[in-house]
Structure formats: structure tokens, C-alpha cells
Amino acid sequence: MRKTCLFLGLLFLSSTVAVAQGVEFFPLSSVKPGLKGVGKTVFQGTQIETFNVEILGVLEKIGPGQNLILAKLSGDKLDQYGVFAGMSGSPVYIDGKLLGAVSYAFSFATAPIAGITPIGEMVNVFKEHTPTSFKLAQKTMDLSSLYRVDSLGLFRLGSPFAGIDAGSAFPALARFGSLRPIETPLGLAGAAPAAVSPFAGLFNAIGLSPVFGAGAAASDEAKDAPLEAGSTVAVQLVRGDMDVSASGTVTYVNGSQVYAFGHPFLSVGNTDMPMSKAAVLGVIPNLMNSQKISATTVPVGSIKQDRATGILGVKGSDAKLIPVNVNLTTGPGERRSFHYQVVTDSLLSPLLVALTVENSITSVERTIGGQTLQVKCHIALKGHPEVNFENSISDRTGSSGIAGIAAAAPVNFILTSGFDNIDMERVDVDVSASESTREAILEKVWQDETEARPGDEVGITVFMRNSNGDISSAKYPVKIPEGLTPGPLKILIGDGLTLSKTDAQAEGGEFIPRDLNQLIRAINNLKKNDRLYIRLFRDQEEAVLGGEGLAGLPPSILALYSSKKTTGDVQPIKQAVFVEHELPATDAVVSGRKIIQINIKG
């Protein structure tokens, strides 16, 4: 009898736990105007509070397989704040059954009217998508675009962010006027406003609302609070000396799976971003859009998917982050180091590297006035050689933003190259700053001789005009290669960027790397824009095979490669380069190009 009672007691306890853990869904087909329910969210700290919900109706087919429930929210705080940023994902229940997530709102609404994403659609979208490995198609890559930035510090890298707006990010919105996904607060701790400013428009366009000063909350109560439906959850994009976290609300927890937001975060599909608990510091009332200010507490897992009806996190899972170390030498010679970790994502990582580098510079250096920044970026890739890229920037405005993008350029190139299994282990950025513009223009070139024999040395004098108008000169001995046949020989003197563009034009601008190592080699061999190069060449046919130059090919081989029967692998070029000298680096951004000619005697 005692055993029977014990068995029945355990059975009752286990069934009670199962009911407590399980949450029944309210079917969309049963939703009718006038139904009343309650919602859950956090207004302060980690305490979950309720608000009232009255169903107005269902907006059907707002997108492929997507519907939206329209409802009026009410309660003392909702009447004060309206539908606020950070409320995305707040669960709504009818008769104790989970209906969905508060996720959409009307711009400039005078009443808290919201759109609710049905919970079934939130859960089912992730059942239909499982992580898969895939390889992007190889594409033509213009290496000169690594230098293509403007004075406002905006991307000119063929970035997926280029030209993005809310309508393209959330295509279902265009049909419903001002009904839009609730904005997601983007907490920025340790961030200089001047560093975020060039990216603010981009953040706003993709539904992120920057909030400064939201740091990590340290209270034990906040750290120990459970992550449950109605809790505030944060998606961390950057950790370390700067914290960048997007916050929303948990809709539903099923074992280790956490469903939140009810609308896309960035709609990047399969992803891997840190997921953390968060505490609410407060809700700031605003006539246009009130917003929740949250602070991250402790990590609890990672976000694995980001799709049309929300995000899916997995508790206990660690996200793979990229360490970014910025070493800055200031104008007075002081050395400062900053350390960050950014998410691994072909879309986000370049943007976040640019942001962290610019933030490091603006935290120490001037943001107004002439400035010269020399940037060296080193990328460690597992199983591959290190990537090394240099760029120098001299400008009177926006130089820190351009420097950030200069550091992000090779990161973007590597991650969007189309090669699979790229494991970016670390990004190290060295920046040397000077509080003045340092630019030098190639004014003219003199040569000691107009004729020479193979093996002779010819003196080349280079005259540079500096930023202050002064002319400086330097003489360099150039050896004529042995075995050179008689005839005219051209000598080109120019800056690295100009020569890189010249080469790209001569080769048709097409570079399709065979593998990642070839791409790394091409980036590492790029010429620098803080020095001059001296190139000896003749106008004669040569070829580029598989992205590599082939000099000195016999005419018969060139004719074979140039035949109509042979296409695709070989790119003919009209210039044969015999030797190239890299002159010493300067402390200025160098520009200019001159060509002289010398006759080679037999």
C-alpha cells in the first residue's frame, strides 16, 4: 500500500511538472475581435509585469505564410509609454494559452495598437530551416576596392548593407503603410558618440535604435533571474572594451530553445551570436517612440537563427567570436590598446570591426581637424597564411571613420570571398596617428642618363610636393636588368594605389581567385599608398593565367593562349614588367604617377 501511494504520488508530481513546463498554444483560427488576454514584459529590472490585451482582428497574408493579429494594449504603463522599442517578443496569452508575440506597431500612433505574430508561425519557421553548410559561388574580385572609402567613412566595399532600407529589410511592411516591426534598442556601452555617428543611419535603417551608456548590470538579483517568457533578452554583437547589444523580449522557452522578438532581428538566417540575460534600467517616454534601456548581465547561450518571425536561441551554447585587438600610437607617442570580441558573420563582422577601430581612435584622438592615420590590419586564419593589409589616411574630417573601414576592408573581402570553412581566429589592427595632414604629391622626375646598357645603374631623382608646399627630393639608383634586349625601356614612378589601379585596368579588372591562399597572397602583395614604386617595363604582350602574371612567354606560347580556341583561363595584357622596386615608406599619403624613358644599347 505504501509503495502504491508512493507511486501515485510520484505520478501526480511528474504530471504536474509536465503541465507546468508545457505551454498550450491558442490557435489562430480561434482568434476573433473582442477576445481579451494578458501580455508579459519587463518595465524595470528583471521583474515580469502584465498588461491587458484586446483583440481587434487578424491581418491575413502580410507575407508568404505570414499573418498578424491586431490588438489594443492597455495598462497604466502602456498608456504612458505606448508600444515601446524593446517590447518585441512580449508574449500574449488568452485563457492561459500562448497566442503570440507583440512585434509590430504603428508609427506616431496615439494609442498602443500593436501587431502580434502568431506563436505557431514563430515556432514553425525554425522547424523548416536547419543549419546547412554551403559554398558561395566564386566571383570576380576588384582588389583596388579595398582602398575605396570616402570622407564620410561609409562603406564602399560592395557590402550587403549598401542601399539597405527598412522596406528591403522587411518587405512585408510596404503593404501596410506605417505598420512596422517594433524597433530594437541597440545598447552601446563604452562607445564614443562620434564613433557611432557614421553608422547611425545604417543602424536606424535596419530597425536598430542606438542607446548610449547601457553597460553591464552587476546585481546578483539580475544575474540570477531566470530566462523565461516575458524576460528581457540581449543579442550581443560586441564584447570587451565596448559592449553592443540588441535587446528584446522572450516569447517562449521550450527546453533549451528560446524564441524571441516576433520579427526579424537582421534577417540573416542561420547565425551564431551570443545570447545574454538583461536587466531593464527603465523605459524612456518619447512622443515618437519610447524605448527600453537594458543592460546585459550574464551569457546564457547563443542565437542560432534569425528569420521572418523572430529569433531562435539555444541555452548553453557558446557562440564563436572573433577577437579584435586595436593598438593605437597617438600623436604624442603614447601607446593604447583596446580589446573586443565581435560576432562571426559575413554581414556583421566587417561593420563591427570598423566600429570598434573607429571607437578606439576617437576615444583618444581628435575628431575635428587635420589628421593622418596609418592603419595595418593583420588577420589570423586557421590553416592559412596571415592576411596583411596597410592603408594610410590623411584628411581634415572623418579620418577615423575611414581608418575603421580601411581595417574592415580585408575582413569583408575574406568573409565574402565565397570560400567555405573560413575560421577567422583573430584581427589585430595597428594604428599610428598624427594630428596634421601629411600628403605628398609626385611633382617631377629626373634621370641621370638617357641611354644605358644591361647591368648599368641609372640615377632617378624624385621630387615631392608636401602639404605645406615645400619641395623635397631624393635620388635612387636603379639597375638595368641583365639580358635585356636593345630598345626603348620605360620607367614608371608612382604611388602604390595608382599602380594597383593601373594593373587592374590592364588585366581587365578581373580577378577570380582559385582558392583562399591565392586571395590572401594577392591581398598581401597589394602596394601601399605611403610610398613610391619604380617599375621598369616595355609595351609588349604578356599574359595573366589564373590570376597570376606570366612574364617573358615566348611568342609561340602567347599566340596559343591568345587563340580563339583557348578562352577563360588566360587574360592577355599589353605590358611586360621586368623589375619593380619598392621605395622606403614615408609618414605621408603619397600620390602621383610619372613615366620616363631610357634607351637600352646592345
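See the structure above.
All figures in this text were calculated on a predicted structure; none of them were measured in a lab.

(A) The overall build of the protein chain, seen in detail. Summing up its helical and strand segments, the protein chain has 11 helices and 32 strands in all. Residue burial in the protein chain is summarised as follows: out of 602 residues, 50% are buried.

(B) Region of interest: unusual backbone geometry. In the Ramachandran plot, Asp95 falls in the positive-phi region, its phi being about 55° despite a non-glycine side chain. Tracing the sequence through the fold places Asp95 in the loop between strand S4 (90-94) and strand S5 (97-106). Even without being a glycine, Phe261 presents a positive backbone phi close to 75°. The residue Phe261 is located in the loop between strand S12 (257-260) and strand S13 (269-284) in this model.

(C) Geometry of helix H5 (residues 193-205). Spanning 13 residues, H5 covers 18 Å between terminal C-alpha atoms, matching the ideal 18 Å at 1.5 Å per step. Of all the bends in H5, the largest measures some 55° and sits at Phe199. Among the residues of H5, those classed as buried are Ala195, Val196, Phe199, Leu202, Phe203 and Ala205. Two residues or fewer after H5 comes Gly207, characterised by a positive phi angle close to 85°.

(D) Structural context of the sheet that holds strand S26 (residues 532-538). In spatial order, the strands read S22-S32-S25-S26-S30; together these 5 strands make up an open sheet with mixed pairing. At either margin of the open sheet sits one strand with a lone partner, and together these are strand S22 (451-452) and strand S30 (576-582). For S26 and S30, the ladder comprises 6 bridges, and the chain directions are antiparallel. Opposite Tyr533, over in S30, you have Glu582 as the bridge partner.

(E) Local environment of the side chain of Gln291. Of note, Gln291 is situated in strand S14 (residues 291-307). Exposure remark for Gln291: the relative accessible area of 18% places this residue in the buried category. Reaching out from Gln291, the side chain makes a polar contact with the side chain of Ser209 at a distance of 2.8 Å. Every residue in contact with Gln291, bar those within four places of it in the chain, is listed here: Phe84, Ala85, Ser209, Val211, Gly282, Val283 and Ile284.

(F) Representation of the sheet that holds strand S23 (residues 457-466) within the structure. Strand order in the open sheet formed by 4 strands is S24-S23-S21-S31, and the pairing between neighbours is mixed. Two strands lie at the open edges of the sheet, namely strand S24 (471-479) and strand S31 (589-591), each paired on one side alone. Each neighbouring strand pair of the sheet contributes to a mean axis angle of 35°, computed without reference to strand direction. In this sheet, S31 lies alongside strand S21 (residues 439-447) in parallel orientation, the contact comprising 3 bridges. The residue bridging Ile441 from the neighbouring strand is Ser591, located in S31.

(G) Region of interest: the pairing of strand S1 (residues 36-44). Where S1 meets strand S2 (residues 47-63), 8 bridges bridge the pair, whose relative direction is antiparallel. If you follow Val38 over to S2, its bridge partner there is Asn52. Between S1 and S2, which pair antiparallel and follow one another directly, the connecting turn spans 2 residues, one of which, Gly45, has a positive phi of 65°. Sheet topology note: the S1/S4 ladder contains 2 bridges and is antiparallel.

(H) Expanded view of the packing of aromatic side chains. Under the defined criterion, the tally for this structure stands at 8 aromatic pairs. Their ring planes at 80° and their centres at 6.1 Å tell us that Tyr81 and Phe84 sit as a pair that is edge-to-face. Grouping residues by exposure puts Tyr81 and Phe84 together as buried. Here Tyr252 and Tyr259 contribute two aromatic rings whose centre-to-centre distance is 5.5 Å and whose plane-to-plane angle is 25°, an arrangement assigned as stacked. Each of the two residues, Tyr252 as well as Tyr259, counts as buried. Through successive ring pairs, a cluster of aromatic residues spans Phe25, Phe126, Tyr252 and Tyr259. When the ring centre of Phe463 is taken as reference, the NZ or CZ atom of Lys444 above it lies at 5.1 Å. One residue, Lys527, lies across the ring of Tyr533, its end atom 6.0 Å from the ring centre.

(I) Spatial organisation of the nonpolar core. Within the largest apolar cluster, 81 residues are counted, with the highest numbers of intra-cluster contacts made by Leu237, Phe265 and Ile523. The greatest single-element share of this core, amounting to 11 residues, is contributed by helix H8 (residues 399-415).

(J) Just the pairing of strand S15 (residues 310-315), in detail. Sheet analysis places S12 next to S15, joined by 4 bridges and oriented antiparallel. Note on S15: the bridge partner recorded for Ala260 is Ile311. Summarising the sheet, S14 and S15 pair through 6 bridges and their orientation is antiparallel. By the bridge assignment, Asp306 is partnered in S15 with Ile311. Counted along the chain from S14 to the antiparallel partner S15, the turn is 2 residues long.

Definitions and cut-offs
- Residues numbered from 1 in each chain as written.
- Predicted model: local features only at pLDDT ≥ 70, side-chain atom pairs only at ≥ 80, totals over all residues.
- Heavy atoms only, no water.
- Helix = DSSP H or I, 4+ residues; strand = E, 2+ residues; numbered from the N terminus.
- Buried < 20%, exposed > 50% of the residue type's maximum accessible area, 1.4 Å probe, protein only.
- Expected span 1.5 Å × (residues − 1).
- Bend = angle between axes of the 7 residues up to and from the residue.
- Pairing = 2+ DSSP bridges.
- Polar contact = N/O pair within 3.5 Å; in protein donor to acceptor, adjacent residues only side chain to side chain.
- Contact = heavy atoms within 4.5 Å.
- Axes fitted to C-alpha atoms, helices over the stretch in contact; angles between N-to-C directions.
- Phe/Tyr/Trp six-rings, centres within 6.5 Å; stacked < 30°, edge-to-face > 60°.
- Lys NZ or Arg CZ within 6 Å of the ring centre and 35° of its normal.
- Core = buried A, V, L, I, M, F, W, Y, C linked by side-chain atoms within 4.5 Å.

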